[in-house]
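Given next are the chains, with one letter for each unit.
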Amino acid sequence: MTAALPLIAITQGDPAGIGPETIAQVFRDTPDVVRGCLVVGDVATLRRAAACIARPGETPLPVACLGAPHEAAQVPPRCLPVLPLPGLPGPQPWGQVSAEAGRAAAECVLWAARAALRGEIAALVTAPLHKEALAAAGYDVPGHTELLQAEAAAHAGVPLAEMPVRMMLANPELRTVLVSIHVSLREALDAVTFARVLQTLDITHHALHRLLGRVPRIAVAGLNPHAGEGGRFGREEIEIIGPAVQAARAQGWDVHGPFAPDTVFMRARHAPGHPGEFDVVVAMYHDQGLIPVKYLGVDQGVNVTLGLPLVRTSPDHGTAFDIAGCGVADASSLRQAVAMARSLLG
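Residues numbered from 1 in each chain as written. Predicted model: local features only at pLDDT ≥ 70, side-chain atom pairs only at ≥ 80, totals over all residues. Heavy atoms only, no water.

Caption draft 1: Main features of the overall build of the chain. Helix and strand content of the chain: eleven helices and twelve strands. A globule of 346 residues ought to have a C-alpha radius of gyration of about 20 Å, and the chain, at 20 Å, matches this closely. The principal-axis extent of the C-alpha atoms belonging to the chain is close to 65 × 45 × 40 Å. Burial analysis of the chain (346 residues in total) assigns 53% to the buried set. Considering only residue pairs separated by 6 or more positions, the chain has 71% of its internal contacts joining residues 24 or more positions apart. (Helix = DSSP H or I, 4+ residues; strand = E, 2+ residues; numbered from the N terminus. Rg over C-alpha atoms; globule rule 2.2 N^0.38 Å. Buried < 20%, exposed > 50% of the residue type's maximum accessible area, 1.4 Å probe, protein only. Contact = heavy atoms within 4.5 Å.)

What follows is the structure in C-alpha cells.
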C-alpha cells in the first residue's frame, strides 16, 4: 500500500486575480504534482476558474467539495478538491481591487496557517493576494509574510519580535534571502544593522542546512556600490555587515562577504557549465535580492518564508489583474511552489 502523502493546503489567493486559474491548471495538467493537496477557498470561485481555462470543446475540470481536509486523499486525479470556508464571498469581478476580494484571500491564508500550526496539514502554498485589497479589507500588514508571522507569534504566545522571519526567493539557478522585506527604501537602509544582518544569517544557515542536508555556502551582498570600496562609498560594509559576517563565521557557518552587489549574484548562479560558488545570497533589501531572481524568470521562482514553525511557499508573481480570467496565465511558478513545499517537508 502506498503511504499517504503529507497534506498540503493551497490557498485560492485574490479571487479577482490569476491565482484560482493557475491552481485549476496545475490540477488539470500535472495531477501528480498536486497529489495530497487541497484548495482552501470558495467553490464557485474555483469552478469559474476551471471554466475559464477550459479548452474549446473540453469539459471544465470537475470540482469536489470537501467536508474535511483528509477527504482530499479520496479525490481522483484531474479533479479539484476544494475545502469551502463559511462566509467567504463568491466570485469577484476579474481584475478589480476590492475589500471583499482581500478578505477572501486573507481568510483562506489564516485558516491554512492555523491548521498548519495545529498539525492538521503539513504545509501551505499561497496563491497571490493583492496588497491594496488586503489593506482595504482592514488587514494592517503588507502581505503574506507578515500575516503569517503575526499568526505564528500569536499561536506561540510570544511578541512579534520573537518570531523573526525572512523571505527567500528561489529558482533552479539562484536563491536569495532578504534582510528587510516590505518597507520603503529609506526604512530598508535603517534596517541594515549588525543584529538584523546576523539574525538573517542565522535563519538562512539553519533553514538551508535543513533543505540541503549540509552546511550551506552563504554569500553576503554589500549595501553600497562596490561594497563601499573600502569606505569611499559608505561605511556600512566596514562597520555593520563585515562584523556580522565575522560573527557568523565564528559560529562555524560558511559565510563570505560582503561582496559587490553587482557581481555576487552572478557568482552564486548555478547555470549549465557554471556551478555557482554559493548556495544562497543574503541581500540587504527587497529589490536588491528580488531583481536577479525575477530576471531569470518568474515562471520558475518560488517564495519561501523562513523562520516560521510551518512550511509556506508561494509562486513568485502577483495577481496579474490585467490578464485575470483570460485563461492565459502561466502556472509554472505555482507548480514549483508545491514541489518546493514537498522538498521542505523532507
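Next comes the rest of the description.
Caption draft 2: Expanded view of the state of the cysteines. Summed over all chains, the structure comprises zero disulfides. Sulfur of C79: no disulfide; nearest cysteine sulfur belongs to C65 and is 11 Å away. Relative accessible area serves as the criterion here: at 12%, C79 is assigned to the buried category. Of all cysteine sulfurs in the structure, the one in C52 sits closest to C326, which takes part in no disulfide; the separation is 8.2 Å. (Disulfide = S-S within 2.5 Å.)

Caption draft 3: Structural view of helix α11 (residues 332-345). For α11, which comprises 14 residues, the first-to-last C-alpha distance of 20 Å matches the rise-based estimate of 20 Å (1.5 Å per residue) to within 8%. Taken residue by residue, α11 has S332, S333, L334, A337, V338, M340, A341 and R342 as its buried positions. Backbone geometry just downstream of α11 places G346 in the positive-phi region, at approximately 75°. (Expected span 1.5 Å × (residues − 1).)

Caption draft 4: Local environment of the packing of aromatic side chains. Considering all chains together, one arrives at one aromatic pair under this definition. R48 extends its terminal NZ or CZ atom over the ring of W94, reaching a point 3.6 Å from the ring centre. In this structure, R267 packs its charged tip against the face of F259, placed 4.4 Å from the ring centre. (Phe/Tyr/Trp six-rings, centres within 6.5 Å; stacked < 30°, edge-to-face > 60°. Lys NZ or Arg CZ within 6 Å of the ring centre and 35° of its normal.)

Caption draft 5: Representation of the packing of helix α1 (residues 19-29) against helix α2 (residues 43-52) within the structure. Closest axis-to-axis distance for the α1/α2 pair is 8 Å, and the angle between their directions is 65°. In this view, α1 runs roughly perpendicular relative to α2, as classed from their interaxial angle. Once α1 is placed against α2, the crossing between them reads as right-handed. On the side of α1, the interface is formed by P20, E21, I23 and A24, while α2 contributes T45, L46, A49, A50 and C52. When grouped by side-chain class, the residues that make up the contact of α1 with α2 number seven nonpolar, one polar and one charged. (Axes fitted to C-alpha atoms, helices over the stretch in contact; angles between N-to-C directions. Parallel < 35°, antiparallel > 145°, perpendicular 65-115°, else oblique. Left-handed = near helix turned anticlockwise from the far one by under 90°. Nonpolar A, V, L, I, M, F, W, Y, C, P; charged D, E, K, R; others polar.)

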